[in-house]
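Secondary and tertiary structure notes
Here is how the chains run, residue by residue.
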Amino acid sequence: MRIPRDAVLPSLFAVVLAMGVLLPLMMTLTISLNPNEQDIMVSMGSVRSFIPQVFSPQNYIEVWTDPVHPFVRYLANTALITFSTLALSILFNSMAAFVLAQGTLPIRKPVMILILATLAVPGESLVLPQLMMAGWAGIVDSYEVQIMPGVANAMSIFLFFQFFSRLPKELIEAAHIDGFSFFQIYRYVAMPLSKPVISAIAVLQFLEIWNAYLWPVMVTRGPEYRPLSVAMSAYFGTNQAAWGNIMAFAVSMAIPVILFFLILQRQFIASVMSSGVKG
Amino acid sequence: MLLPALIFITALIIGPFLLSVWFSFTDQRLVPRPIPTKFIGTTNYARMFADPLFWQAIWNTVFFAVIVTPVQLSMSLGAALILNSAVPFRGFFRSVAILPLLLPMTVIVSIWAVLFRIPSGPFNAVYQWFAGQGNYVDFLGNPSVAMLSIVALSAWATFPYQMLIYLAGLQEIPQDLYEAAKLDGAKAWHRFRYVTWPGLRNVNVFLLIITTVGALKLFTQVDILTKGGPNGATTTIIHYLFKQGYANQKVGYASAVAVFFFLAVTAIALFQRRVFKNEGEA
C-alpha cells in the first residue's frame, strides 16, 4: 500500500498512539496467560512480558473457580444491575420526557427546570445521605440499592426531551385523530422512532453502571451482591503476589464490555460524539 | 407517566441534596448512637476549615485538575488530529484508540499497578536504561511523584472520550476553509492556528469544563492504588469525604465537605464558562 506524502508523519504518530494503547494491553494478556508466577516476576519489564510465550488457561480457570471470589457470581450481579438500571431508566425517563415535551400539563416548565437543575449536583456529593436513606429503608447490601440511583437520571430525561420536542406536530395530531390515547402515542409512535436516542443513552449508562465503584463499595458487604468492579479491587488488594490471576481477572472483566462495544460500535461512537455525559 | 421519574429524581437527588445540607449543620453519625443527633450550627464547617488534611486534599485535587486537564486535552486533540487525517487503516487506529474508554477503571488501575512496579516494572525498566542499573522511581510510594503517576494513568484511561468529541468538532469545520487557506499558501501550522483552532472554540470550552469537573471528582484510582497516601499526598476531596463519612462514620462532618464540594464545582464551572465564552467573543 502506498502512503501519500502528507500522510507519512501522521501515520507515524498513529503507530505511536496505537502502541501507547496496545503495549499495556499486550502485557496484560501475556501475564494472564503465564501460569508461572516466578517467571512473571523475572520477565517483568523485559520484552518477554509483552509477547505471550506460553498459552495456558490456568490463571483463567483459577479465577473463574475461586471459591472466595466467585467470579461468575460477580459477573451475574454486574449484568443484572446494569441491565435492570438501563431498562428502568429508559422506560421511566422516556415517559417523563414525553409528558414534558408533548403533554398539556400546566406545570411542565417548572418541572423541567427543576430536573435540569439537578444536573449541577455531582453524584459523589450525594452518596452519604443516600447511604443513610438506604439504611432507613433496610436495603443496604441488595440489588435494589445499586439499581435505584442510576434510574434517577436527569441527563437521560433531557436527551429524550430534546428528541421528543422535535417530533413533527402533524405526526402527533394524526395519531390523535386516529383515536390513539396519549400513552398509545408515546408507546406506538414516539418510542419506535427514538431508537438512536435509546441506544445513545444505553451505551453511556452501560459504561457508567458497569464501571461504578464508589457507590457499590459503600453499599455491598460480601460476594452476594457485589459487582465486578469492587470485586476486582478487593481481589487486587488481597492477591498482590498473584499477578497472573489479577491480569486474568482484568481480562475476563474487560471482555464483556469490549463485546458490547463491538455490537454497538456505530451507535457508541455517535453517542459519545453527540452528547457529553461522562467526565 | 411523569410520576415514576419524578419520584426517583426527588427521592434520590433532591431529597439527599437537602438532607446533606441539613446534616452538615448536625453531628449526624452513620450508625445511630443512643444520644440523639443535634443541631450544632456551623461547627462542622469551622472544623473542616481548620483541618490541615482538608486543605491538603483541596491542594491535591486542584493540582491534579490543573495538570491532568491540559495534558489530557492535548493528548485528545493530538489523537483526534491524527485520526482525522488521511492515515491508512484509519478505522483500525480509531478502534484501538477508543479501547481505554471501554476498560473499567478498576481494570486499568490493576494494569498500571504492574507498569508502576518497583524495582523492575516496565516503566522502571525504561528508567534504568537511562539512569543505570539499580536505580528506580517509586512511582506510587514517593509523595512528590505519586500524584503525577495518577495523572498519567488518568489521562491514558479517559482521553478517548475527549478525542471522540474533538473528532466530531473537527468534522464540523467546513472543508472549503482549508482549501481557501491552502490556496493562500498557508502552511500546516498556520492552517491549524487560524482555521482549526478557532473552529474548535465551542468544543474547547465544553471539554475544558467537563474535563475539569471530572478531574475534581478523582476517587477510584486513588482509593485502589494509594489509599490517599503516601502521607496524604494523593488524598483528594472525594477521598477525604469518603474517609470521614464512611470509614470514620462522621456523616455530619462529611456532609459539610459535600456541600463545599458542590459549591466549589458549580462555581468553577460557571467561572470557566464565563471567562472563556467572553474571551472568544471579544
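This write-up is about the structure you can find in this document. These numbers come from a predicted model, not from an experiment. (Residues numbered from 1 in each chain as written. Chains lettered and ligands numbered in written order. Predicted model: local features only at pLDDT ≥ 70, side-chain atom pairs only at ≥ 80, totals over all residues. Heavy atoms only, no water.)

From N to C terminus, chain A includes 15 helices and 0 strands. Whereas a compact globule of 279 residues would reach a radius of gyration of roughly 19 Å, chain A reaches 24 Å, over 25% beyond that. If you line up chain A on its principal axes, its C-alpha atoms span 75 × 65 × 30 Å. Split by element, the accessible area of chain A, about 13000 Å² in all, is 69% carbon and sulfur. (Helix = DSSP H or I, 4+ residues; strand = E, 2+ residues; numbered from the N terminus. Rg over C-alpha atoms; globule rule 2.2 N^0.38 Å. Areas by Shrake-Rupley, 256 points an atom, 1.4 Å probe, with all protein chains shown as cover.)

Turning our attention to the nonpolar core. A:Trp243, A:Phe249, A:Phe268, B:Met163 and B:Leu225 are the most contacted members of the largest nonpolar core, which totals 143 residues. The leading source of residues in this core is helix H7 (residues 143-171) of chain B, at 15 residues. Two domains each provide a minimum of three residues to this core, namely domain 1 (5-56) and domain 2 (71-274) of chain A. If near-sequence neighbours (up to four positions away) are discounted, B:Leu225 is found in contact with A:Phe236, B:Val109, B:Ala113, B:Phe116, B:Leu140, B:Ile150 and B:Leu153. A:Ala96, A:Val121, A:Ala152 and B:Leu12 belong to the second-largest nonpolar core, a separate cluster that totals 44 residues. (Core = buried A, V, L, I, M, F, W, Y, C linked by side-chain atoms within 4.5 Å. Buried < 20%, exposed > 50% of the residue type's maximum accessible area, 1.4 Å probe, protein only. Domains from an automatic or database assignment. Contact = heavy atoms within 4.5 Å.)

Attention now moves to helix H6 (residues 127-137) of chain A. Inspection of H6(A) places A:Val127, A:Leu128, A:Pro129, A:Gln130, A:Leu131, A:Met132 and A:Ala134 among the buried residues, and these make up the whole buried set. Looking at the residues trailing H6(A), positive phi occurs at A:Gly138, about 70°.

Below, the discussion takes up the interface of chain B and chain A. Reports often express the size of an interface as the amount of accessible area lost when the parts come together. With 79 residues of chain B at the interface, the matching set in chain A holds 89 residues. In this assembly, chain B packs against chain A so that about 7300 Å² is buried in total across both faces, 83% of it on carbon and sulfur atoms. On the chain B side of the interface with chain A, the three residues burying the most area are B:Met1, B:Leu2 and B:Leu102, jointly 10% of the side's total. Linking chain B to chain A there are 1 salt bridge. As a salt-bridge pair, B:Lys217 and A:Glu124 come within 3.8 Å of each other at their nearest N and O atoms. There are 5 residue pairs in polar contact (both at pLDDT 80 or more) connecting chain B and chain A. With 14 residues, the top contributor of residues to the side of chain B that touches chain A is helix H1 (residues 3-23) of chain B. Residue composition of the side of chain B that touches chain A, by class: 61 nonpolar, 14 polar and 4 charged. (Buried area = accessible area lost by both parts, 1.4 Å probe. Salt bridge = Lys/Arg side-chain N within 4 Å of Asp/Glu carboxyl O. Polar contact = N/O pair within 3.5 Å; in protein donor to acceptor, adjacent residues only side chain to side chain. Nonpolar A, V, L, I, M, F, W, Y, C, P; charged D, E, K, R; others polar.)

Position of B:Leu3 among the secondary structure elements: in helix H1. Separated by 252 residues in sequence, B:Leu3 and B:Ser255 place their C-alpha atoms 29 Å apart.

Attention shifts here to a nonpolar patch on the surface. There is a patch of nonpolar side chains on the surface, built from A:Val8, A:Leu9, A:Leu12 and A:Phe13 and spanning about 400 Å² of accessible area. Considering the arrangement of structural elements, one finds A:Leu9 in helix H1 (residues 8-32). (Patch = residues over 30% accessible without salt bridge, like charges linked within 9 Å, V, L, I, M, F, W, Y side chains within 5 Å.)

Now for the pattern of salt bridges. Summed over the entire model, instances satisfying the criterion amount to 4 salt bridges over all chains. Here A:Arg48 and A:Asp39 are joined by a salt bridge, their closest N and O atoms 3.4 Å apart. A:Arg48 gets classed as partly exposed once you look at its relative accessible area, which sits at 35%. Overall, the relative accessible area of 23% leaves A:Asp39 in the partly exposed class. Linking B:Asp223 and B:Lys227 is a salt bridge whose minimum nitrogen-to-oxygen distance equals 4.0 Å. The class for B:Asp223 is buried, based on a relative accessible area of 5%. Residue classification places B:Lys227 among the exposed residues on the basis of a relative accessible area of 53%.

The subject of this paragraph is the packing of aromatic side chains. Per the stated rule, a full pass over the model turns up 40 aromatic pairs over all chains. The interplanar angle of 65° and the centroid separation of 6.1 Å between the aromatic rings of A:Phe163 and A:Phe164 together place this pair among those described as edge-to-face. The class for A:Phe164 is buried, based on a relative accessible area of 0%. Between B:Trp59 and B:Phe63, the aromatic rings sit 5.9 Å apart at their centres with planes inclined by 40°, giving tilted as the arrangement. Within this pair, B:Trp59 and its partner B:Phe63 are both found in helix H3 (residues 52-84), separated by 4 residues, close to a single helical turn. On the basis of relative accessibility, which here comes to 26%, the residue B:Phe63 falls in the partly exposed class. Taken together, the ring pairs in this structure connect A:Phe98, A:Phe160, A:Phe163, A:Phe164, A:Phe182, A:Phe183 and A:Tyr186 into an aromatic cluster. Note that B:Arg193 overlies the ring of B:Tyr194, its terminal NZ or CZ placed 5.1 Å from the centroid. Of note, B:Lys250 hangs over the ring of B:Tyr253, and the distance from its end group to the ring centre comes to 5.3 Å. (Phe/Tyr/Trp six-rings, centres within 6.5 Å; stacked < 30°, edge-to-face > 60°. Lys NZ or Arg CZ within 6 Å of the ring centre and 35° of its normal.)

The subject of this paragraph is unusual backbone geometry. Residues and elements named next belong to chain B. Backbone geometry at Lys227 places phi at a positive 55°, although glycine is not the residue there. You can see Lys227 is positioned in the loop between helix H11 (220-225) and helix H12 (237-247). Phi is positive for Gln249, which is not a glycine, with a value near 65°. Relative to the elements of secondary structure, Gln249 occurs in the loop between H12 and helix H13 (251-281).

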